[in-house]
Amino acid sequence: MSFAVGLLTGLTVWAGSTRAAEPIEFDRQIAPLLAERCLSCHDGREKSGGLNLSSRQSAFDGGDSGAVLLAARPEESFLWQRIRDDEMPPKHPLSADEKALLKRWIAEGARWGTDPIDPFRFTTDKRAGYNWWSLQPLHRAAIPEWEGSPAHPIDAFVRRRLTEAELVPSPEADRRTLIRRLAFDLTGLPPTAEAVEAFVNDSAPDAYENLVERLLASEHYGERWARHWLDIARFGESQGFERDKLRPNSWRYRDWVIAALNADMPYDEFVRMQIAGDVLRPNDADGIAATGFLVAGAYDEVGQSQQSAAMRAVVRQDELEDYAATVGQGFLGLTVNCARCHDHKFDPISQTEYYAFVSALEGVRHGERPYQTETMRRELAALDARRSERKRQIAARLDPVRDRIVAERKQTLAAQQLPQPLARWTFDADFRDELGELHGTPHGAAKIDNGQLLLDGKSAYVTTRPLPKPLTEKTLEAWVRLSNLEQRGGGVVSVQTLDGVLFDAIVFGEKDSGQWLAGSNNFVRTQSFQGPKEGEADTQIVHVAIVYRADGTIVAYRNGERYGAEYRTDAAFRLEKDQSQVVFGLRHGTSAGGNRLLSGAIDQAQLYDRALSDEDVALSAGRHDLVTREQLLTRLTASERQELAAWESELESLDTQRQSLREAKAYAVVPKQPEVSRLLLRGNPGTPAEVIAPGGIASVSGVAADFDLAPDAIESERRRRLAEWITSPNNPLFARVIVNRLWHYHFGTGIVDSPNDFGFNGGRPTHPELLDFLAVQLVEHKFSLKALHRLIVTSETYRQSSRPRADALAVDADNRLLWRFAPQRLEAEVLRDAMLLASGELNPQYLGPPYQDFQTFTRNSQFYEMIDPVGPEFHRRTIYRTWLRSGRNMLLDAFDCPDPSTISPKRAVTTTPTQSLSLLNNSFVLRMSDSLAARAREDADASPAAQIAAVYRRVYQRLPSEDELARVTPFVEAHGLSALCRVLFNSNEFLYVE
């Protein structure tokens, strides 16, 4: 169906007379009429009872099938009925001739356009159509040639435009300017004074090209250009919205971007990975990390969890629009998201296509996934080897001592008394207490078989007579085998008040699945021991004991050894004489029910009216070979204890590193199979219309918008097809958009000055042939971004001086024709990094978890207090900062650092008094100025002139002139060297790259 049919779906016109047949000139007759009458119309599906003509074929496809549908029986078509509808006349109804012309045009096929497409002709229509320049195939523009034309292709295109404007290019910049420009541009850091001197004095004909190669090969290249990309990805490390919860593992996406750019990953692969890396490389952790692009934006956690299903649906649609906007604008320069509620008002994108595009992303969900790269696996193997060696050394030191203690213990064992319990039940024949009168009474299916108390987990339990004495300190002990390890909450042995309200118990799996627990009423004395999950108690008898000390400390043991970590409670209670009893197989209570019953067998149980020691429990469990650490240390010399402590400290560090690697996660896409997608009338989730299959945008030439997927296609295939459609070498927008982005970052303004919008509301290319030439170059060079950088920065256009010229300013004040290199102010992050480098404080650590320039606390929401932390770990490049959405850095903010909640294709560049004030008074600047002054004193002798020269070399990579030296020397003598450093940091020469 044609573009006009989609527009006219929402148009009300009046019936009128017809004219004699004559050829219809679309550009002269139809296009102006549609532009004037249709642009303000909203989608008319609600008025048409839900009929959606554009669903039968993607709108604006330039084909004839939709038109034939109308032409076959036009009097029955929806559009014809709208033309005849007299019930809702517009404010300015069409004339009779206009109505007749429209009816004729529809009946003849509603053909869109008559002229052949010129890829570099820019329409004067009031909106874009299928013939819009950016939607056309890439045009292999011929490099302009004339007598004396430059050899470099970029210069040839630029010079032709300058010649047309009667302008000439500026001369080449001096060498110091060039190396500073290149270094900041490619690495985001200034060159050292030594590097500047070496380049200035390098007479080799390829000195400049060699400099380019060195900078492109630097790790700092990836750090610099990743920051640009993170602006497009709206990368933040907290959720945003009300809660703004920290995302501790989102940095892995940032690291992936840096590493991918440094490796010159082909741009098409770079993009495919970010859309569907986990699908394309299912066994590669980097494939998971790359999808952090899709979920790098804010996430409305509160909105997603509210009770109203209708409101959750709205929040989810907002989230999907964010995905569509980021993918559409970031990779294609198309504002696809503008078609959420109606057909796009300016670009050829229908509402149907928006929901097809969203359908491909509908399975995307925020979350964390396990992350382990091959490098991490190698690190883990190395840690395991080091750990094994340290454990061997520790064992070699302690095992002989332990053996001696055990041998001595065996010699005296006959005389040694095992800890004596208050009561003991062995269930040899009945439920009798062997040591006293705490005999038991069976309930339900409780029975004794082969010396064990059998419990069915349904009705069986045993209660004893009341305890004849009070209990405060105590130890519960049992030998038990479980029927299964999946049961939750059954009590092995408990001591409780007679009414079953207050109790302490050995419980399995109640709070933490598969773990032993000290059960208590309403969990008032219960915490997790954080012990290992039980893995043997269903196949063999295990010994379990819980000790309750007088100070409230609770300690657990399994098979005579400590189980998990002890803890302390303030809720300990005293059991009075004749007011408590022991219960077997039931957590607490006076009757069966709930999950309180244990399924298994108790071989023996004991109750102590005191807290057993580690050695007591070991002996009771029959573990005469267990020796405590304290017992071992008493047998070592002071030097042996010191060496052992060092080994164990290293072992603890190794265990921490191993755990970190084993439990590593990445904040990334956690896919979920979506339901069938539907078009939403006016974007309202409450008014779903026809089913939509995943697809692309039909107006993009060269690639089929039909993904050949069913509406219920699996999630992975949806993202795979979307990634393939976007990155196809035949997709003209894909290459054009990234070429323009690189141009924008190199020159300050793109060939198209709206990097995220190549549609009607975006800018028009100043050099369209050059844009397509570079796009073709990118495709033919296998999407190598470094090759494109190399081509751009080796041009004479890039190497021009930045000096203003009155003649050129009068013609082209914005420098869109590139008659000079426009000076560019350092971005906020580059400014901070440059100060760190100049002061000698830059920490060059590459990749890894971010530093935090904040303190945080949580009270329902997470709050952040910004600080200026001191130390090398906080002096890394600014890209390694934790990028919060509600925690802003004042220095970075002053220099227009964007909000990470939104896409930032272009950064604002303002000039405000707060910028100068920040560079004079900000605590970070003060510290860097002090450090710079200290480094200058180290670099030079004690004379003020030498120290001033050292400061200039570090900040400007040059020496001061005689005039500068004469002016600043009295200032330094009056205010100190550090004050001069602040002045230089506040100067245009430091803040701007020429």
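Residues numbered from 1 in each chain as written. Predicted model: local features only at pLDDT ≥ 70, side-chain atom pairs only at ≥ 80, totals over all residues. Heavy atoms only, no water.

Before going further, it helps to examine the overall build of the protein. Of regular secondary structure, the protein possesses 33 helices and 23 strands. Expressed as a percentage of the 994 residues in the protein, the buried residues total 55%. Look at the contacts in the protein between residues 6 or more apart in sequence, and 71% of them connect residues 24 or more apart. With the model as given, the accessible surface of the protein reaches about 41,900 Å², and the carbon-plus-sulfur share is 50%. (Helix = DSSP H or I, 4+ residues; strand = E, 2+ residues; numbered from the N terminus. Buried < 20%, exposed > 50% of the residue type's maximum accessible area, 1.4 Å probe, protein only. Contact = heavy atoms within 4.5 Å. Areas by Shrake-Rupley, 256 points an atom, 1.4 Å probe, with all protein chains shown as cover.)

A full pass over the atoms with the stated rule returns 31 aromatic pairs. Ring centres of W229 and F331 lie 6.0 Å apart, and the angle between their planes is 20 degrees; on these two criteria the pair is classed as stacked. Placement of the pair is W229 in helix 10 (residues 219-232) and F331 in helix 15 (residues 309-332), with a sequence separation of 102 residues. Taking relative accessible area as the criterion, W229 reaches 5% and is therefore assigned buried. (Phe/Tyr/Trp six-rings, centres within 6.5 Å; stacked < 30°, edge-to-face > 60°.)

Evaluation of the coordinates by the stated rule reveals 68 salt bridges. For the salt bridge of R953 with E194, the shortest nitrogen-to-oxygen distance reads 3.2 Å. Taken as a pair, R953 in helix 30 (residues 944-956) and E194 in helix 8 (residues 193-200) lie far apart in primary sequence, 759 residues in all. D231 is the salt-bridge partner of R907, the closest N and O atoms lying 2.8 Å from each other. Placement of the pair is R907 in the loop between helix 27 (890-894) and helix 28 (913-921) and D231 in helix 10, with a sequence separation of 676 residues. For D231, a relative accessible area of 6% puts it in the buried group. Each of the salt bridges in this network shares a partner with another, and the network as a whole consists of D384, R387, D655, R658 and R662. (Salt bridge = Lys/Arg side-chain N within 4 Å of Asp/Glu carboxyl O.)

Glancing now at helix 9 (residues 207-217). Every buried residue belonging to helix 9 is among A207, Y208, L211, V212, L215 and L216, and all of these are buried. On its buried side, helix 9 packs onto helix 7 (175-187), helix 8, helix 10 and helix 24 (785-793).

Time to look at the sheet that holds strand 15 (residues 580-584). Backbone-to-backbone hydrogen bonds join strands into a sheet, with any given pair of strands oriented parallel or antiparallel. Judged by pairing direction, the sheet is antiparallel, and its 6 strands sit side by side in the order 3-6-15-8-9-10 without closing on themselves. In this open sheet, the two strands that pair with only one neighbour each are strand 3 (440-443) and strand 10 (516-520). On average, each strand axis in the sheet is inclined to that of its neighbour by 15 degrees, with strand direction left out of account. Here strand 8 (residues 490-497) pairs with strand 15 via 5 bridges, running antiparallel. Of the residues in strand 15, the one forming a bridge with S494 is V583. (Pairing = 2+ DSSP bridges. Axes fitted to C-alpha atoms, helices over the stretch in contact; angles between N-to-C directions.)

Of note in the backbone geometry, E166 takes a positive phi value of approximately 60 degrees without being a glycine. If you trace the backbone, E166 turns up in the loop between helix 6 (153-164) and helix 7. Phi at L818 takes a positive value of approximately 65 degrees, unusual for a residue other than glycine. Among the structural elements, L818 can be located in the loop between helix 25 (806-811) and strand 20 (824-825). Judged by its relative accessible area of 6%, L818 is buried.

Helix-helix packing: each pair is described by the crossing angle between the helix axes and the interaxial distance. Packing of helix 10 against helix 11 (residues 251-262) brings their axes to within 8 Å, and their N-to-C directions diverge by 125 degrees. On the basis of their axis angle, the class for helix 10 and helix 11 is oblique. Crossing of helix 10 against helix 11: the hand is right-handed. Contacts from E219, Y221, G222, E223, W225, A226, W229 and L230 of helix 10 reach helix 11 at Y253, R254, V257, I258, L261 and N262. Per-class residue counts for the contact of helix 10 with helix 11 are 9 nonpolar, 2 polar and 3 charged. (Parallel < 35°, antiparallel > 145°, perpendicular 65-115°, else oblique. Left-handed = near helix turned anticlockwise from the far one by under 90°. Nonpolar A, V, L, I, M, F, W, Y, C, P; charged D, E, K, R; others polar.)

Attention shifts here to helix 22 (residues 732-747). Look at helix 22: 23 Å from first C-alpha to last across 16 residues, which is about the 22 Å you get at 1.5 Å a residue. Of all 16 residues that make up helix 22, 16 are buried, and the element is covered over most of its length. Of the residues flanking the start of helix 22, the one acting as N-cap is N731, its side-chain oxygen 3.1 Å from the backbone nitrogen of L733. A positive phi of about 95 degrees marks G748, the residue just after helix 22. (Expected span 1.5 Å × (residues − 1). Polar contact = N/O pair within 3.5 Å; in protein donor to acceptor, adjacent residues only side chain to side chain.)

Attention shifts here to the confidence of the model for the protein. Residues of the protein with pLDDT of at least 70 account for 89%, and the chain-wide mean is 88. Scored below 50 in pLDDT, residues 1-20 shows 71 contacts in the model against residues more than four places distant or in partner chains. Segment residues 38-89: pLDDT under 50, and 112 contacts once partners within four positions in sequence are set aside and those in other chains are kept. (pLDDT = per-residue confidence, 0-100.)

Looking now at the environment of P849. Tracing the backbone shows P849 in the loop between helix 26 (828-838) and strand 21 (854-859). A residue is classified by how much of its surface remains accessible, and P849, at 47% relative accessible area, is partly exposed. Spatially, the C-alpha atom of P849 lies 8.9 Å from that of R881, the residues being 32 residues apart in sequence. If sequence neighbours within four positions are ignored, P849 has contacts with W251, R254 and R876.

So, about the side chain of R234. Take R234: it is sitting in the loop between helix 10 and helix 11. A relative accessible area of 1% means that R234 is categorised as buried. A distance of 2.8 Å separates a polar atom in the side chain of R234 from the backbone oxygen of L294. When near neighbours in sequence (up to four residues on either side) are disregarded, R234 contacts F293, L294, A296, G297, D322, Y323, T326, R885, P900, S901, T902 and I903.

This next bit is on the environment of G519. With respect to the secondary-structure elements, G519 resides in strand 10. When its relative accessible area of 0% is taken as the criterion, G519 is described as buried. When the C-alpha positions of G519 and V507 are compared, they lie 5.6 Å apart, and in sequence the two are 12 residues distant. The residues touching G519, leaving out its near neighbours within four places in the chain, are F503, D504, A505, V507, T526 and Y548.

Among the secondary structure elements, A698 is positioned in the loop between strand 19 (688-692) and helix 21 (715-726). Residue classification places A698 among the partly exposed positions, given a relative accessible area of 21%. The spatial distance from the C-alpha of A698 to the C-alpha of L135 is 9.9 Å, given a sequence separation of 563 residues.

Moving on, we get to the packing of helix 12 (residues 267-280) against helix 21. The contact between helix 12 and helix 21 brings their axes to 9 Å, and the two run at 150 degrees. Viewed along their axes, helix 12 and helix 21 adopt a mutual orientation that is roughly antiparallel. As for how helix 12 packs across helix 21, the hand of that crossing is left-handed. When helix 12 is examined against helix 21, the residues V271, R272, I275, A276, D278, V279 and L280 are found in contact with a partner set consisting of S716, R719, R720, L722, A723 and I726.

This part takes up the side chain of N756. Inspection of the secondary structure puts N756 in the loop between helix 22 and helix 23 (768-780). Among the polar contacts listed, one links the side chain of N756 to the side chain of Q329, at a separation of 3.3 Å. Filtering out sequence-adjacent residues up to four positions away, N756 remains in contact with Q329, G333, L334, R741, I903 and P905.

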